[in-house]
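# Remarks on the overall topology
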Amino acid sequence: AQTVTQSQPEMSVQEAETVTLSCTYDTSESNYYLFWYKQPPSRQMILVIRQEAYKQQNATENRFSVNFQKAAKSFSLKISDSQLGDTAMYFCAFVINNAGNMLTFGGGTRLMVKP
Amino acid sequence: DGGITQSPKYLFRKEGQNVTLSCEQNLNHDAMYWYRQDPGQGLRLIYYSQIVNDFQKGDIAEGYSVSREKKESFPLTVTSAQKNPTAFYLCASFGGQSLERLNTEAFFGQGTRLTVV
């Protein structure tokens, strides 16, 4: 069974500072995609960033970047220049192609950005 | 615009009553999912479907049922056997049948908040 673990239930950061959210996963497969989703108070799920497992280069999307360590099965999210609007729940997720596209989520990290 | 639509946004269920939550997508996605989210918690998989007329149980399928008669639709029924159904329910879809053709983003509906009264 595939699992995703987010070891930080809650985190806080001062506005304009940098914060890193951790995610580890467990799979024996080699071809998969990893995602970070943001869920603000509206509860709408918003894709923050994605990473293809076959790509060694870490994905970046404006202030968001990942540190993908395939051998360690680690996929952390770094948020630079944190903004008040970044306050939300963040979920790490992955999908494995030959497991029938099972989309598995971690338990989430609640991030609070303080002014 | 392509997307995924859940309805209703709010739903109230009486004790012993079955209710059905709707999920429709026009993204031509093969895979569809139902998740349950309790306050302050993560997403727990109820059921998922990779293809029409086929679906698999997730981690918390007891008390729920689904159907997949059309590619676009994946309704979830919360039966009277589900003893604690009050929660937020999210439907998602994901595209393609091979990694190369995957539309590599899961799309989500806006959710249905179900409350037992």
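Note that the structure is a prediction, hence the values are computed from the model and not measured. (Residues numbered from 1 in each chain as written. Chains lettered and ligands numbered in written order. Predicted model: local features only at pLDDT ≥ 70, side-chain atom pairs only at ≥ 80, totals over all residues. Heavy atoms only, no water.)

### Details of the layout of surface pockets
- Of the pockets and cavities examined, the largest pocket occupies roughly 270 Å³.
- Taken together, 15 residues make up the lining of the largest pocket; nearest its centre are A:Q2, A:T104, A:F105, B:L45 and B:D59.
- Where the lining of the largest pocket is concerned, the elements lending two or more residues are strand 1 (3-5) and strand 11 (102-105) of chain A together with strand 5 (43-51) of chain B.
- Among the elements that take part in the lining of the largest pocket, strand 11 of chain A stands out by supplying four residues, more than any other.
- For the lining of the largest pocket, the class distribution of residues is eight nonpolar, four polar and three charged.
- Considered as a void within the structure, the second largest pocket measures approximately 200 Å³ in volume.
- Taken together, 13 residues form the lining of the second largest pocket, with A:Q39, A:P40, A:P41, A:M89 and A:R110 sitting closest to its centre.
- Those elements that place two or more of their residues in the lining of the second largest pocket are strand 10 (88-96) and strand 12 (109-114) of chain A.
- Looking at which element gives the most residues to the lining of the second largest pocket, the answer is strand 12 of chain A, with three residues. (1 Å grid on protein atoms, 1.4 Å probe; cavity = no way out; pocket = protein on both sides within 12 Å on 5 of 7 lines; lining within 4 Å. Points joined across faces, edges and corners; volume = space filled by probe spheres on them. Helix = DSSP H or I, 4+ residues; strand = E, 2+ residues; numbered from the N terminus. Nonpolar A, V, L, I, M, F, W, Y, C, P; charged D, E, K, R; others polar.)

### Quick word on the environment of A:E52
Residue and element names in this part refer to chain A.
- As for its position among the elements, E52 is in strand 6 (residues 46-52).
- The exposure class assigned to E52 is buried, which follows from its relative accessible area of 14%.
- With 19 residues separating them along the chain, E52 and Y33 place their C-alpha atoms 4.7 Å apart.
- The contacts of E52, once residues within four sequence positions are left out, are Y32, Y33 and F68. (Buried < 20%, exposed > 50% of the residue type's maximum accessible area, 1.4 Å probe, protein only. Contact = heavy atoms within 4.5 Å.)

### Observations regarding a nonpolar patch on the surface
- Among the surface-exposed residues, B:Y10, B:F12 and B:V117 lie close enough to one another that they form a single nonpolar patch of about 360 Å² accessible area.
- Note on placement: B:V117 falls in the segment after strand 11 (112-116). (Patch = residues over 30% accessible without salt bridge, like charges linked within 9 Å, V, L, I, M, F, W, Y side chains within 5 Å. Areas by Shrake-Rupley, 256 points an atom, 1.4 Å probe, with all protein chains shown as cover. Salt bridge = Lys/Arg side-chain N within 4 Å of Asp/Glu carboxyl O.)

### Structural notes on the sheet that holds strand 8 (residues 76-78) of chain B
Residue and element names in this part refer to chain B.
- Read across the sheet, four strands follow the order 1-3-8-7 without closing on themselves; strand pairing throughout is antiparallel. Since the sheet does not close on itself, it has two edges, and those belong to strand 1 (4-7) and strand 7 (64-66), each with one partner. Taken over all neighbouring pairs, the strand axes of this sheet differ in orientation by 20° on average, direction set aside.
- With three bridges joining them, strand 3 (residues 19-25) and strand 8 adopt antiparallel strand pairing. For L21, the partnering residue across the bridge sits in strand 8 and is L76. (Pairing = 2+ DSSP bridges. Axes fitted to C-alpha atoms, helices over the stretch in contact; angles between N-to-C directions.)

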